[in-house]
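Letter by letter, the chains look like this.
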Amino acid sequence: QVQLVESGGGLVQPGGSLRLSCEASGNIFNINTLSWHRQAPGKQRELVANITHTGSTNYADGVKGRFTISRDNGKNTVYLQMNSLKPEDTAVYYCNAEVTGWADYYAKNYWGEGTLVTVSS
């Protein structure tokens, strides 16, 4: 099994910044793609950004130029630096990891429990 623990959420004013972290632990041989998703009240969960093992990144249109995803493979950790935050960024943010465990034949998807980001004055 693999556990993902997010941290860094909170209340921030519009225009402010937050940095989210998500650390994976457990039965890990290799982590492929890491990603951040978010779910606002009354809306479906959506992809915010993802990053491959080699560092290639992809962003949702609404966060391009404001958010930056990065990873530290030695620490099994993914980060999301969020700048110029807007009220519409308010959501629960979840990390996701594609993990191949020791003795696994294929990668499995794991989710964290989420961290709340509230952007409000």
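Here the structure is shown first, and the text comes after it.
Residues numbered from 1 in each chain as written. Predicted model: local features only at pLDDT ≥ 70, side-chain atom pairs only at ≥ 80, totals over all residues. Heavy atoms only, no water.

Strand pairing within a sheet occurs via backbone hydrogen bonds; the two strands may be parallel or antiparallel. Across the sheet, which stays open at both edges, the 4 strands sit in the order β1-β3-β8-β7 with antiparallel pairing between neighbours. Bordering the open sheet on either side are β1 (2–7) and β7 (67–72), each of which pairs with just one other strand. Each strand of the sheet is rotated relative to its neighbour by a mean of 15°, with strand direction disregarded. When β7 meets strand β8 (residues 77–82), the two strands line up antiparallel, connected through 6 bridges. Bridging across to β8, Ile69 finds its partner in Leu80. (Pairing = 2+ DSSP bridges. Helix = DSSP H or I, 4+ residues; strand = E, 2+ residues; numbered from the N terminus. Axes fitted to C-alpha atoms, helices over the stretch in contact; angles between N-to-C directions.)

On the secondary structure map, Asp89 appears in the loop between β8 and β9 (91–100). Sequence spacing of Asp89 and Gly62 is 27 residues, and the spatial spacing of their C-alpha atoms is 9.2 Å. When sequence neighbours within four positions are dropped, the list of residues in contact with Asp89 reads Arg38, Arg66, Phe67, Ser84, Val117 and Val119. Polar contacts involving the side chain of Asp89 include one to the main-chain amide nitrogen of Lys86, which spans 2.8 Å. (Contact = heavy atoms within 4.5 Å. Polar contact = N/O pair within 3.5 Å; in protein donor to acceptor, adjacent residues only side chain to side chain.)

Moving on, we come to the state of the cysteines. All chains considered together, the criterion is met by 1 disulfide. Here Cys22 engages in a disulfide with Cys95; their sulfurs sit 1.9 Å apart. A residue pair is termed long-range when its members are at least 10 positions apart, and Cys22 in strand β3 (residues 18–26) and Cys95 in strand β9 qualify at 73 residues. (Disulfide = S-S within 2.5 Å.)

Moving on: the packing of aromatic side chains. With the rule as written, the count across this model stands at 1 aromatic pair. Note on Phe29 and Trp102: the rings are 4.7 Å apart at their centroids and 70° apart in plane angle, and the pair reads as edge-to-face. Remark: Trp102 occurs in the loop between β9 and β10 (108–111) and Phe29 occurs in the loop between β3 and β4 (30–39); sequence separation between them is 73 residues. Trp102 gets classed as exposed once you look at its relative accessible area, which sits at 55%. (Phe/Tyr/Trp six-rings, centres within 6.5 Å; stacked < 30°, edge-to-face > 60°. Buried < 20%, exposed > 50% of the residue type's maximum accessible area, 1.4 Å probe, protein only.)

This part is about the nonpolar core. Core analysis: the largest hydrophobic core is formed by 31 residues, its most contacted members being Trp36, Leu80, Met82 and Tyr93. Within the residue set of this core, elements represented by two or more residues are β1, β3, β4, β5 (46–51), β7, β8, β9 and β11 (115–119). For this core, the element with the most residues is β9, which contributes 5 residues. Excluding anything up to four places from it in sequence, Leu80 contacts Leu18, Arg19, Leu20, Trp36, Val48, Ala49, Phe67, Thr68, Ile69 and Tyr93. (Core = buried A, V, L, I, M, F, W, Y, C linked by side-chain atoms within 4.5 Å.)

All right, on to the side chain of Arg71 then. For Arg71, the position within the fold is in strand β7. Notably, Arg71 is buried but unbridged: the nearest opposite-charge side chain belongs to Asp72, and the N-O separation is 8.2 Å. At 2.7 Å, the side chain of Arg71 forms a polar contact with the backbone oxygen of Asn32. Looking at Arg71, its side chain comes within polar contact range of the side chain of Asn73, at 2.6 Å. Once residues lying within four places of it in the same chain are set aside, the contact partners of Arg71 are Ile31, Asn32, Thr33, Leu34, Ile51, Thr52, His53, Thr77, Val78 and Tyr79. (Lys, Arg positive; Asp, Glu negative; His and termini not counted. Salt bridge = Lys/Arg side-chain N within 4 Å of Asp/Glu carboxyl O.)

Fair warning: the whole summary comes from geometry, so function is off the table for now.
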